[in-house]
Amino acid sequence: MKKFVIQKILYPQNKSLPLRDLYYKATPGIVDFYTYFNSFPIVKWKKYTRLSNLHLHLSINGACKLNFFDDSNESVDSNHSFSPFLTSSIDIEIPYQTNSSRLLGFSLSELSDDFNFISGYFYTLTESCDCREIKLGIGICTFKREKHLLHNLDLFQKNILQNPESVLFNNLDIYVADNGNSVKDILDENNINLGRHIHLFHNINAGGSAGFTRCIIEFLRKEPPPTHILLMDDDVSFETESIERTASFLSLIKNEYKSDIIGGAMLKEEDPVIQFE
């Protein structure tokens, strides 16, 4: 059996309110991860995937009390909820088959002055043959928005393409349709590595749909082609973890759903606590 990470806990330290509350809620002595980005959608994993067990790994300093919560907003699994932990690494199995929740989350309450949350993730124990290999192609259409494109390609490069621990390491290709023919020199100047996993195609300025179509055509010419294609704008703000979670989900998806399309969700840039698409 191998450990397969399906959702990392996002804990950014540079977010201000109200954006920070999408990741975690901090009150004196308590860090609450039952939030938009960090709650676990257990009902979707049960319906669409072959996930059979669920575990939580935490890395901490000091002592804390762990509480699990579900969508009833009540504490669940009292066997683990109120135990103080003094070690720096914790692994807990979460009841999965008998869990009827839609969402699952947790909070940590400090029990010592030196308590500090470091990192965490949800994972499953599975046989290697149970996981489908996902090769993702991301198609981006751009027209003279070099600053936004550069930022997003840099995120992909640092967090996935150069990160051996990513579920998409060596399994992600990014194709950029450059409708403005203005990008290459800027990418070269900023150490975006073109050629292996990031590919640039000069394209006529025939609009976004033409740019995305060019990306799809180029992906289908690739041998072998990607198992899945994601189309995204050049100027979106996003977490690369969202894409890694999608890849983990697809790796364990049931056969009857393997050809289905996964829809995304979008938050308003100027008011990010509102989901409008």
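What you see is a predicted model, and the numbers here were worked out from it, not measured in a lab.

Cut-offs used in this document
- The residue numbers shown here count from 1 along each chain, following its written sequence.
- For a predicted model such as this one, the threshold for reporting local features is a pLDDT of at least 70, and the threshold for listing and counting side-chain atom pairs is 80 or more; totals across whole chains, interfaces and linings nevertheless cover every residue.
- Computation of side-chain values covers all heavy atoms of the structure but excludes hydrogens and water.
- The way it works is that DSSP assigns letters per residue, a run of H or I at least four long becomes a helix, a run of E at least two long becomes a strand, and they are numbered from the N terminus.
- Both definitions apply: the radius of gyration is a C-alpha atom measure, and the globule rule equals 2.2 Å times residues to the power 0.38.
- Using a 1.4 Å probe on the protein chains alone, a residue whose accessible area is under 20% of its type maximum counts as buried, one over 50% counts as exposed, and one in between counts as partly exposed.
- Contact criterion: two residues are considered in contact whenever any of their non-hydrogen atoms come within 4.5 Å of each other.
- Accessible areas in this description were obtained via Shrake-Rupley with a 1.4 Å probe; residue shielding takes into account the shown protein chains only.
- Just so you know, the count uses Lys and Arg for positive and Asp and Glu for negative, and it drops His and the chain ends.
- Positions of charges follow a simple convention, taking NZ of Lys, CZ of Arg, CG of Asp or CD of Glu.
- For Phe, Tyr and Trp, where Trp contributes only its six-membered ring, two rings pair if their centres lie within 6.5 Å, and the inter-plane angle classes them as stacked under 30 degrees, edge-to-face over 60, or tilted in between.
- To sit over a ring, a charge needs its Lys NZ or Arg CZ within 6 Å of the ring centre and within 35 degrees of the ring normal.
- Strands qualify as paired when DSSP identifies two bridges or more between them.
- Fitted lines through C-alpha atoms give the axes, limited to the stretch in contact for helices. The angle between two N-to-C directions lies from 0 to 180 degrees.
- Each patch is assembled from residues with relative accessible area greater than 30% and no salt bridge, linking like charges that lie within 9 Å and nonpolar side chains (Val, Leu, Ile, Met, Phe, Trp, Tyr) that lie within 5 Å.
- Any Lys or Arg side-chain nitrogen found within 4 Å of a carboxyl oxygen on Asp or Glu counts as a salt bridge.
- Scored from 0 to 100, pLDDT records how confident the predictor is in each individual residue.
- Here a polar contact is recorded for every N or O atom pair within 3.5 Å, except that within protein the pair must consist of a potential hydrogen donor and a potential acceptor, and residues adjacent in sequence are included only if both atoms are side-chain atoms.

What follows is about the overall build of the chain. Helix and strand content of the chain: six helices and 14 strands. For a compact globule of 277 residues, the expected C-alpha radius of gyration is about 19 Å, and the chain comes in at 20 Å, within 12% of that figure. Its C-alpha atoms put the chain at 60 × 40 × 35 Å along the principal axes. Put simply, the chain has 277 residues, and 44% of those count as buried. Residue pairs at least 24 apart in sequence account for 76% of intrachain contacts in the chain once pairs closer than 6 positions are excluded. Summed over all atoms, the accessible surface of the chain reaches about 14600 Å², with 50% contributed by carbon and sulfur. Separation of charge centres in the chain, based on 27 positive and 36 negative side chains, amounts to 4 Å.

It is worth spelling out the packing of aromatic side chains at this point. Under the criterion given, the structure shown has 18 aromatic pairs. Where phenylalanine 40 meets tryptophan 45, the ring centres are 5.8 Å apart and the plane angle is 20°; that geometry is what we call stacked. With respect to burial, phenylalanine 40 and tryptophan 45 carry one shared label: buried. Plain terms: the ring middles of phenylalanine 156 and phenylalanine 238 are 5.0 Å apart, the flat faces sit at 35° to each other, and that makes the pair tilted. On the criterion of sequence distance, the pair formed by phenylalanine 156 in helix α3 (residues 146-161) and phenylalanine 238 in the loop between β14 (228-233) and α6 (240-251) is long-range, its members being 82 residues apart. Each residue in the set Tyr11, Tyr24, Phe33, Phe40, Trp45, Tyr48, Phe106, Phe117, Phe122, Phe249 and Tyr257 is aromatic and connected to the rest through ring pairs, giving one cluster. The ring of tyrosine 123 is capped by lysine 3, whose NZ or CZ atom sits 4.5 Å from the centre of that ring. Positioned above the aromatic ring of phenylalanine 143 is the side chain of lysine 144, whose terminal nitrogen or guanidinium carbon lies 5.8 Å from the ring centre.

Time to look at the sheet that holds strand β4 (residues 54-61). Within a sheet, adjacent strands bond to each other through the backbone by hydrogen bonds, running parallel or antiparallel. Spatial ordering of the open sheet is given by β1-β10-β4-β8, a layout of four strands whose pairing is antiparallel. Both edges of this open sheet fall to β1 (2-8) and β8 (89-94), since each of them pairs with a single strand only. Shown here is a sheet whose adjacent strand axes are inclined to one another by a mean of 35°, direction ignored. When β1 meets strand β10 (residues 116-126), the two strands line up antiparallel, connected through six bridges.

Taken together, the side chains of Ile216, Leu220, Ile229 and Leu231 make up a nonpolar region of the molecular surface, amounting to roughly 330 Å² of accessible area. When you line up the elements, leucine 220 lands in helix α5 (residues 208-221). Residue class for leucine 220 comes out exposed when judged on its relative accessible area of 60%.

Turning next to the confidence of the model for the chain. In this model, the chain carries a mean pLDDT of 89, and residues with pLDDT of at least 70 account for 94%. Below pLDDT 50 for its whole length, residues 78-82 participates in 14 contacts with residues either more than four positions away or in separate chains.

Taken together, four strands build an open sheet; the order of strands is β13-β12-β11-β14 and the sheet is parallel. Each edge of the sheet is formed by a strand with only one pairing partner; in this case those strands are β13 (198-202) and β14. Neighbour-to-neighbour, the strand axes of this sheet turn through a mean angle of 20°, independent of strand direction. The pairing of strand β11 (residues 136-142) with strand β12 (residues 172-178) spans seven bridges and is classified as parallel.

Turning to the pairing of β10, a few remarks are in order. The pairing of β4 with β10 spans seven bridges and is antiparallel. Bridged to leucine 56 within β10 is phenylalanine 122.

Here we take up the environment of lysine 158. Positionally, lysine 158 belongs in helix α3. With 52 residues separating them along the chain, lysine 158 and phenylalanine 106 place their C-alpha atoms 29 Å apart.

Applying the stated criterion to the full structure yields 12 salt bridges. A salt bridge links glutamate 241 to arginine 245, with the shortest nitrogen-to-oxygen separation between them at 2.8 Å. Of this pair, glutamate 241 and arginine 245 both sit in helix α6, four residues apart, which is roughly one turn of that helix. A relative accessible area of 4% places glutamate 241 in the buried class. Several salt bridges converge on common partners, so that one network encompasses Arg145, Asp234 and Asp235.

By the secondary structure assignment, tyrosine 36 is in the loop between β3 (30-32) and α1 (42-48). With 69 residues separating them in the primary sequence, tyrosine 36 and glycine 105 have C-alpha atoms 10.0 Å apart. Leaving out residues up to four positions away in the same chain, tyrosine 36 has contacts with Leu22, Ala265, Leu267 and Gln275. Only 2.5 Å separates the side chain of tyrosine 36 from the side chain of glutamine 275, close enough to count as a polar contact.

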